[in-house]
Amino acid sequence: MREDAFYNLFALRIRELLRESRVNPETLQEIRLRADRPLLLRCPDGEYAVRGDGTLTTDAAQGYRATRQELDESLEYIAGYSLYAFDEELKRGFLTVPGGHRVGVAGRLVMEGDRVQCIRHISFINVRLAHQLIGCADGVLPYLVEDGEICHSLIISPPGCGKTTLLRDLIRQISDGSRYAGGRCVGVVDERCELAGSYQGIPQNDLGARTDVLECGPKSAGMMMLLRSMSPQVMAVDEIGGPGDGDALEQVFHCGCKLIATVHGTSLEDIRRKPLLGRLVAERLFERYVVLGRGKAGQILGIYDGDGGSVIPCG
Amino acid sequence: MRIAVKLLGACCVMASALLAGLALEQRLRCRWQLMREMRDVLAFLEKEMTHRRTPMEEAFRRAAADCHTRLGQVLTRAAKEVEARGGRPFAAIWREAVDGCLADGGLTEEELRELYDVPAALSNADTVMQQTCMERCRQRFEELAGEEAEIFREKSGLCRRLAAAAGIFLVLLLL
């Protein structure tokens, strides 16, 4: 990550404060700007407010209060002076900037019937820094391959425990090939632009040499489109289980394409209770389940086969 | 021999005077063309930006490719700066590009002011307002182009005739 390019996303004053704070962008997780509220940074060891002199404090009340103008100026830089071009992204509440960082925005929604027409008076900005963990799937991939073939796999994890990061690295390794399986064409349906972190259509995260990404569309339609147009050998989707996903998932299972997906959950039992996924689990369509824990991000609690038997005990 | 030198000198003086007149006329033509081109560029950018949602740098580059005046340089320079993401306000980037490329263009204060006001329309975050502002901006440049066309029609012939008269006067004076 180029530090200068990253800091240039912010208004001049905020930029100076971030530089003076000497926070390492490589470990920084979030920067939160709110109009007339303290400038907050989320680091691995907790949340800090930045004082007016650039020093850090845990007392948010002492933090420098970003002004409305600074938020507007930051938005101008974040959108590369082309906020109008991110109209659709803004309706979803976020946009992706070079480097794959995700900028969430909130403000006043203007509705047209039950559809969001646009968002005005953006007063809250949350910059989530993308940190691709190359190699974080090294310990998982061997168990997702059987006789050189990728297994239909489901990664189960509570929110914020690293399932997207794990899936991203799995996609990269499957696409590039590893000592367990040769490189495969991977189709990625990236509904929330989190996996590829594309900026102007170009993935900012390394998803491998044989990966095609369809982003910003609904998963169900995206999976069908990729199946028809790109003939992937492996399909990867994040956070399945929505009402429209059933038909598309069955198509993937029955067309010779392998599926690697993630879902919010705490255990295999938890997944069995979900309507759509419970049925898929009962039909043993998934061949592997990877369960991540709530503790340390990326902690693997267990890897199970289609019958729920442990493939490897993890701790 | 002396007469030949005098004739040669007279020709040179006449040619210089006529060229000065033509240069003045060309300057007027350039101003007119620049305003006309700005109007066309704004119409193009309006389509690119509000309908196709093309990012600014890309829209600028496309518009610059069809430019025949120095406006192309302004757009290319602004596109480079926008792409560089140097963390400077767009208004400053645009003003610098205008000053850098059109400084000696002989533009009037009013024309320069209108050019400096363009960023407010281009970088408007609200697409409806952006379209409205660009339309208004385009109309303003249409008016300015009309005024420049009128000035050109009035003064171009005058420039040529005055230059020729000045040349003849100088030749007579020198002879």
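What you see is a predicted model, and the numbers here were worked out from it, not measured in a lab.

Enquirer: Just to check I follow, could you spell out the overall build of chain B for this structure?
Expert: Counting its regular elements, chain B contains seven helices and zero strands. Reading chain B from its N end, one meets helices and strands in the order α-α-α-α-α-α-α. A compact globule built from 175 residues would reach a C-alpha radius of gyration of about 16 Å, whereas chain B, at 21 Å, exceeds it by more than 25%. Counting only C-alpha atoms and orienting by the principal axes, one finds that chain B spans roughly 75 × 30 × 25 Å.

Enquirer: What's the story with the sheet that holds strand β6 (residues 102-112) of chain A in this structure? I'm lost.
Expert: Paired through their backbone hydrogen bonds, the strands of a sheet run either parallel or antiparallel. Residues and elements named next belong to chain A. The sheet built from seven strands is open, its strands ordered β4-β3-β2-β1-β7-β6-β5 with antiparallel pairing. In this open sheet, the two edge strands, each paired with only one partner strand, are β4 (56-57) and β5 (94-96). Alignment of strand β1 (residues 30-34) against strand β7 (residues 115-128), held across five bridges, turns out to be antiparallel. Bridging from a neighbouring strand, R34 pairs with F124 of β7.

Enquirer: Explain the interface of chain B and chain A to me, please; I cannot follow it from the model alone.
Expert: How big an interface is tends to be stated in terms of the accessible area lost upon association of its parts. On the chain A side, the residues contacting the 16 residues of chain B number 14 residues. Where the side of chain B that touches chain A is concerned, the elements lending two or more residues are α1 (2-51) and α7 (127-174) of chain B. Partitioned by chemical class, the residues of the side of chain B that touches chain A number seven nonpolar, seven polar and two charged.

Enquirer: Before we go on, may I ask you to explain the nonpolar core in this structure?
Expert: One finds I14(A), L45(B), L75(B) and A78(B) to be the most contacted residues of the largest nonpolar core, which totals 71 residues. Non-local contacts of L75(B), meaning those with residues more than four positions away in its chain, are made with F60(B), A63(B), A64(B) and C67(B). Listed in part, the 48 residues of the second largest apolar core include L167(A), V213(A), M223(A) and A236(A).

Enquirer: When you look at the environment of D53(A) in this model, what are you seeing that I'm missing?
Expert: Within the secondary structure, D53(A) is located in the loop between β3 (46-50) and β4. Residues D53(A) and L90(A), 37 residues apart in the sequence, show an inter-C-alpha distance of 32 Å.

Enquirer: What exactly am I supposed to notice about the domain arrangement of chain A here?
Expert: All names here are of chain A. Domain boundaries in chain A define domain 1 (3-128) and domain 2 (141-313). Measuring from the centre of the C-alpha atoms in domain 1 to the corresponding centre in domain 2 gives 30 Å. Each partner contributes to the interface: domain 1 provides six residues, whereas domain 2 provides seven residues. A class-by-class count of the residues in the side of domain 1 that touches domain 2 yields two nonpolar, three polar and one charged.

Enquirer: Whenever I open this one, the packing of α1(B) against helix α2 (residues 56-65) of chain B confuses me. Can you help?
Expert: To characterise two packed helices, one gives the angle between the axes of the helices and the distance between these axes. All names here are of chain B. Close contact between α1 and α2 brings their axes to 10 Å; oriented N to C, the two are set at 140°. Crossing hand, α1 versus α2: right-handed. Touching V41, F44, L45, E48 and M49 of α1 are A59, R62 and A63, all from α2. A class-by-class count of the residues in the contact of α1 with α2 yields six nonpolar, no polar and two charged.

Enquirer: What am I meant to see in unusual backbone geometry here?
Expert: Most peptide bonds take the trans configuration, and most residues that are not glycine carry a negative phi. All names here are of chain A. Unlike most non-glycine residues, D36 shows phi in positive territory, near 60°. Of note, D36 is situated in the loop between β1 and β2 (40-43). Overall, D36 belongs to the exposed group, with 10 C-beta atoms counted inside 10 Å.

About the thresholds
- Residues numbered from 1 in each chain as written.
- Chains lettered and ligands numbered in written order.
- Predicted model: local features only at pLDDT ≥ 70, side-chain atom pairs only at ≥ 80, totals over all residues.
- Helix = DSSP H or I, 4+ residues; strand = E, 2+ residues; numbered from the N terminus.
- Rg over C-alpha atoms; globule rule 2.2 N^0.38 Å.
- Pairing = 2+ DSSP bridges.
- Contact = placed C-beta atoms within 7 Å.
- Nonpolar A, V, L, I, M, F, W, Y, C, P; charged D, E, K, R; others polar.
- Core = buried A, V, L, I, M, F, W, Y, C linked by C-beta atoms within 7 Å.
- Buried ≥ 20, exposed ≤ 12 C-beta atoms within 10 Å, placed from the backbone.
- Domains from an automatic or database assignment.
- Axes fitted to C-alpha atoms, helices over the stretch in contact; angles between N-to-C directions.
- Left-handed = near helix turned anticlockwise from the far one by under 90°.

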